[in-house]
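Structural features, examined
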Amino acid sequence: MTRSVNSWSEARIHDSEGSIHAIRRIAIHFHIMIYTITLNPSIDYTVSVKDLQIGKLNRAESESIRAGGKGLNVSAVLANLGMKSVALGFTAGVIGEAIEKLTLSQGLTTDFIGVEGESRINVKVLGVDGVTEINGGARFDERRIAELKRKLSGLTADDYLVLSGNAPSESVYADLLESVAEFGAKTVVDASGKLLTSCLPYKPFLIKPNLLELLELFDRTEAREDEIFEMAEKLRALGTRNVIVSLGGDGAIMITESGKRLRAPAPKGKPVNTVGAGDSLVAGFIYGYEKSKDYAEALRYGVNVGSATAFSGELATKEEIAKLGEIL
Ligand SMILES: Nc1ncnc2c1ncn2[C@@H]1O[C@H](COP(=O)(O)OP(=O)(O)OP(=O)(O)O)[C@@H](O)[C@H]1O
Ligand SMILES: [Mg+2]
């Protein structure tokens, strides 16, 4: 895998025609290619402080930095499973360079578009009273979306395109889906509200709201399992091929393109930190589907990967996943 990353990097440096040529060259080796999009990747700076005092000098007890963003999480979990992807998105300035360095050191392949300004830094302060967060503002410039579309113009029906996370514009994912519609790639949307519903007419392969996001779409606050299936059915009727609704510690349900109802309970264990669990489910589902071409199997595997992340407190590794069930 490391060798492929190197060959891709070299190809990219020497290719002046545009990076899509470089991307296709790699994709040939792997038959399918998965593209993840993170419009606003970040540097996530996490510090723990014993007794956080606002307006005073606080000293960090421990600190860590990582590259953040839901698409990057999907790419990272796919890499842990031994599956190659290309992480796309927009980066800016020295923070953008740091994001690129950190993702490359994780073994990910990136093809970010450089834009003006600085990528954002998200600060998480872990204190006795919980987590205090400050998120930097969005930096991506909608006028540069055309460049992203150009990078996606070589997609094939075997490829996946994963759109994850919030976006400053409610139509940007629908716009991207419209531009790639002719290629027939499997598109996955993990978003909420209008950003998600505006995608439905472009017939995504899969959408993955969590329960809260699903309830919000229907202006509700709770639902029984049969009602969750009915709401998922309604979304399918609006155009998406498959719907997974993730249910946190209760696992996930799925309505398949043929209308089949599937359930996968979460394995037993103690959740440590569920951040990135949804992204892990998406990565695990794609991996499981490519290995088995079976929705039930893929859902079960996706749920195990989501839970492996929740139980280990880090994005799931193959070892952590193996503890929860057989490896595909
Ligand atoms: N408390 C938990 N116990 C066991 N598994 C969990 C727990 N929370 C999440 N998971 C696993 O992760 C999957 C996705 O979780 P969840 O429904 O919380 O996604 P999400 O809210 O979209 O997460 P994200 O914060 O990444 O957006 C679940 O289907 C389940 O497999
Ligand atoms: Mg989510």
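That block above? That's the structure.
On a predicted model such as this, the values are computed, not experimentally measured, just so you know. (Residues numbered from 1 in each chain as written. Chains lettered and ligands numbered in written order. Predicted model: local features only at pLDDT ≥ 70, side-chain atom pairs only at ≥ 80, totals over all residues. Heavy atoms only, no water.)

Some points on the overall build of the chain
- Counting its regular elements, the chain contains 12 helices and 14 strands.
- Taken against the 2.2 N^0.38 rule, which gives 20 Å for 328 residues, the C-alpha radius of gyration of the chain at 19 Å falls within 12% of a compact globule.
- Projected onto the principal axes, the alpha-carbon positions of the chain cover approximately 55 × 55 × 40 Å.
- Among the 328 residues that make up the chain, the fraction classed as buried is 50%.
- The long-range fraction of contacts in the chain, counting pairs at least 24 apart against all pairs at least 6 apart in sequence, stands at 64%.
- A distance of 2 Å separates the average location of the 38 positive side-chain charges in the chain from that of its 43 negative side-chain charges. (Helix = DSSP H or I, 4+ residues; strand = E, 2+ residues; numbered from the N terminus. Rg over C-alpha atoms; globule rule 2.2 N^0.38 Å. Buried < 20%, exposed > 50% of the residue type's maximum accessible area, 1.4 Å probe, protein only. Contact = heavy atoms within 4.5 Å. Lys, Arg positive; Asp, Glu negative; His and termini not counted. Charge placed at Lys NZ, Arg CZ, Asp CG, Glu CD.)

Some points on the site of ligand 1
- Contacts to ligand 1 come from 21 residues, most closely from Asn-210, Ser-246, Gly-248, Gly-251 and Gly-278.
- Measuring from an oxygen atom of ligand 1, one finds a side-chain N or O atom of Ser-246 at 2.8 Å.
- Within the backbone of Gly-278, an N or O atom sits 2.8 Å from an oxygen atom of ligand 1.
- Mapped onto the shell around ligand 1, the elements with two or more residues apiece are helix H10 (277–292) and helix H11 (295–312).
- Grouping the constituent residues of the shell around ligand 1 by class yields 8 nonpolar, 10 polar and 3 charged. (Near = heavy atom within 4 Å. Polar contact = N/O pair within 3.5 Å; in protein donor to acceptor, adjacent residues only side chain to side chain. Nonpolar A, V, L, I, M, F, W, Y, C, P; charged D, E, K, R; others polar.)

Looking at the nonpolar core
- Ile-37, Leu-39, Leu-148, Leu-152, Tyr-173 and Val-189 are the most contacted members of the largest nonpolar core, which has 43 residues in total.
- Of all hydrophobic cores here, the second largest spans 37 residues; its members include Leu-81, Leu-108, Val-162 and Ala-252. (Core = buried A, V, L, I, M, F, W, Y, C linked by side-chain atoms within 4.5 Å.)

Side note on the sheet that holds strand S7 (residues 120–127)
- Taken in spatial order, the 4 strands of this open sheet run S3-S2-S7-S8, and their pairing is mixed. Each of the sheet's edge strands pairs with one partner strand only, and the pair in question is strand S3 (62–68) and strand S8 (130–135). Averaged over all pairs of adjacent strands, the angle between strand axes in this sheet comes to 15°, irrespective of strand direction. (Pairing = 2+ DSSP bridges. Axes fitted to C-alpha atoms, helices over the stretch in contact; angles between N-to-C directions.)

A word on the packing of aromatic side chains
- Under the criterion given, the structure shown has 7 aromatic pairs.
- Residues Tyr-289 and Tyr-295 carry aromatic rings whose centres are separated by 4.9 Å and whose planes lie at 10° to one another, so their mutual orientation is stacked. The same class applies to Tyr-289 and to Tyr-295, which are both buried.
- Taken together through their ring pairs, the aromatic side chains of Tyr-160, Phe-205, Phe-285, Tyr-289 and Tyr-295 make up a single cluster.
- When the ring centre of Tyr-160 is taken as origin, the NZ or CZ atom of Lys-186, which lies over that ring, is 5.1 Å away. (Phe/Tyr/Trp six-rings, centres within 6.5 Å; stacked < 30°, edge-to-face > 60°. Lys NZ or Arg CZ within 6 Å of the ring centre and 35° of its normal.)

Quick notes on the pattern of salt bridges
- Within the structure shown, the criterion is met by 17 salt bridges.
- Between Glu-257 and Arg-241 there is a salt bridge whose closest N-O contact spans 2.9 Å. Here Arg-241 lies in the loop between helix H9 (225–237) and strand S12 (242–246) and Glu-257 lies in the loop between strand S13 (252–255) and strand S14 (261–264), a separation of 16 residues in the sequence.
- What makes Glu-257 partly exposed here is its relative accessible area of 35%.
- We classify Arg-241 as partly exposed; its relative accessible area is 34%.
- For the salt bridge of Glu-320 with Lys-323, the shortest nitrogen-to-oxygen distance reads 3.2 Å.
- Because the salt bridges share partners, they merge into one network encompassing Arg-220, Arg-224, Asp-226 and Glu-227. (Salt bridge = Lys/Arg side-chain N within 4 Å of Asp/Glu carboxyl O.)

Topic: unusual backbone geometry
- With a phi angle near 50°, Lys-203 is a residue other than glycine that sits in the positive phi range.
- Look at Lys-203 and you get exposed, because its relative accessible area is 55%.
- Non-glycine residue Asp-219 carries a positive phi angle of around 55°.
- Residue position: Asp-219 is located in the loop between helix H8 (211–217) and H9.
- Judged by relative accessible area, which is 75%, Asp-219 ranks as exposed.

Structural notes on the pairing of strand S10 (residues 186–190)
- Burial analysis of S10 places 5 of its 5 residues in the buried class, the great majority of the element.
- Along S10, one buried face is formed by Lys-186, Val-188 and Asp-190 and the opposite face, lined by Thr-187 and Val-189, is buried too.
- Pairing of strand S9 (residues 160–164) with S10 involves 5 bridges; the strand directions are parallel. Bridge pairing links Ser-164 to Asp-190 in S10.
- Pairing geometry for S10 and strand S11 (residues 206–207), over 2 bridges, is parallel. Bridge pairing links Val-189 to Ile-207 in S11.

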